[in-house]
Amino acid sequence: MIRVLLAEDMHLIRGALASLLSLEPDIEVVAEVPSGDAVVPAALEHRPDVAVLDVQMPVMDGIEAAAGLGERLPGCRVLMLTQLGRPEVLRRALAARVGGFMLKDAPPADLAAAVRRVHAGETVIDPALAAATITARANPLSPREVDVLRLAAGGDDLAEIATALHLTKGTVRNYLGAIVTKLDARNRLDAVRIATEAGWL
């Protein structure tokens, strides 16, 4: 019996996934959680073989939760589910040693098959997404530059970004200039658009 933990913030989808997997004779859903920060505590309590995690969750995203699982419960394999198949998200997931990465609009029968394959030690990745990732441009921004641009995308001005990141306004201005140059953008707004479309924010 493959013991599965489900993490998905939308109750209806989580319930549907649990029902779908529970129909399988060799799969048992042992825990369901609504946020990324609840994954590791639930996994330590229920000891699942496979954790099926949504990428986008409140408090902590699925990839951070997967990294935490890798440290605390390395025997638990991870299958990520995502609404948006972005190459940068797949790269982050693979860096966190995730065993599988599926789009949420995949046929329902594919989910149980993916759980079995990930449990068996295989790496399961949507073929179209894998191809897109190979050809996609890598994120040229440093983690700090991503932080700065994310705040700028949210409408924060120089002073607010500086306060939030404990930087000077001049340093923030330098970061924004470097970001615009690296992305070959016309201005800050164009940089936000480019980075958002590429899945870097």
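Asks: I tried to follow the pairing of strand S2 (residues 27–33) on my own but got confused; where do I start?
Replies: One face of the sheet, then the other: side chains in a regular strand alternate in exactly this way. For S2, a buried count of five out of seven residues is recorded, marking the element as mostly surrounded by other parts of the structure. Strand direction decides the pairing type here: strand S1 (residues 2–7) and S2, joined by six bridges, are parallel. Across the sheet, Leu5 pairs through a bridge with Ala31, a residue of S2. As for the winding sense of the linkage, the β-α-β connection from S1 through helix H1 (residues 11–22) to S2 is right-handed.

Asks: Help me understand the pattern of salt bridges, please; the structure alone is not making it clear to me.
Replies: Enumeration according to the criterion identifies 12 salt bridges in this entry. A salt bridge links Glu145 to Lys182; its shortest N-O distance comes to 2.8 Å. One end of the pair, Glu145, is in helix H7 (residues 143–153); the other, Lys182, is in helix H9 (residues 169–182), and 37 residues separate them in sequence. Put simply, Glu8, Asp54 and Lys104 are held in one network by salt bridges that share partners.

Thresholds, definitions, all that
- The numbers attached to residues start from 1 for each chain and follow its sequence in the written order.
- Thresholds applied to this predicted model are a pLDDT of at least 70 for local features of residues and 80 or more for the giving and counting of side-chain atom pairs; totals over whole chains, interfaces and linings are not thresholded and use all residues.
- Each side-chain value is derived from all of the structure's non-hydrogen atoms; neither hydrogens nor water enter the calculation.
- Relative accessibility thresholds used throughout: buried, under 20% of the residue-type maximum; exposed, over 50%; partly exposed, between the two (1.4 Å probe, protein chains only).
- Runs of E in the DSSP output that reach at least two residues are strands. Runs of H or I that reach at least four are helices, and both are numbered from the N terminus.
- Pairs of strands are assigned from DSSP output, requiring at least two bridges between the strands.
- For a crossover, the right-handed case is the one in which the path from the first strand over the helix to the second runs clockwise, viewed with the strands pointing away from the viewer.
- The rule for a salt bridge is simple: a side-chain nitrogen of Lys or Arg has to be within 4 Å of a carboxyl oxygen of Asp or Glu.

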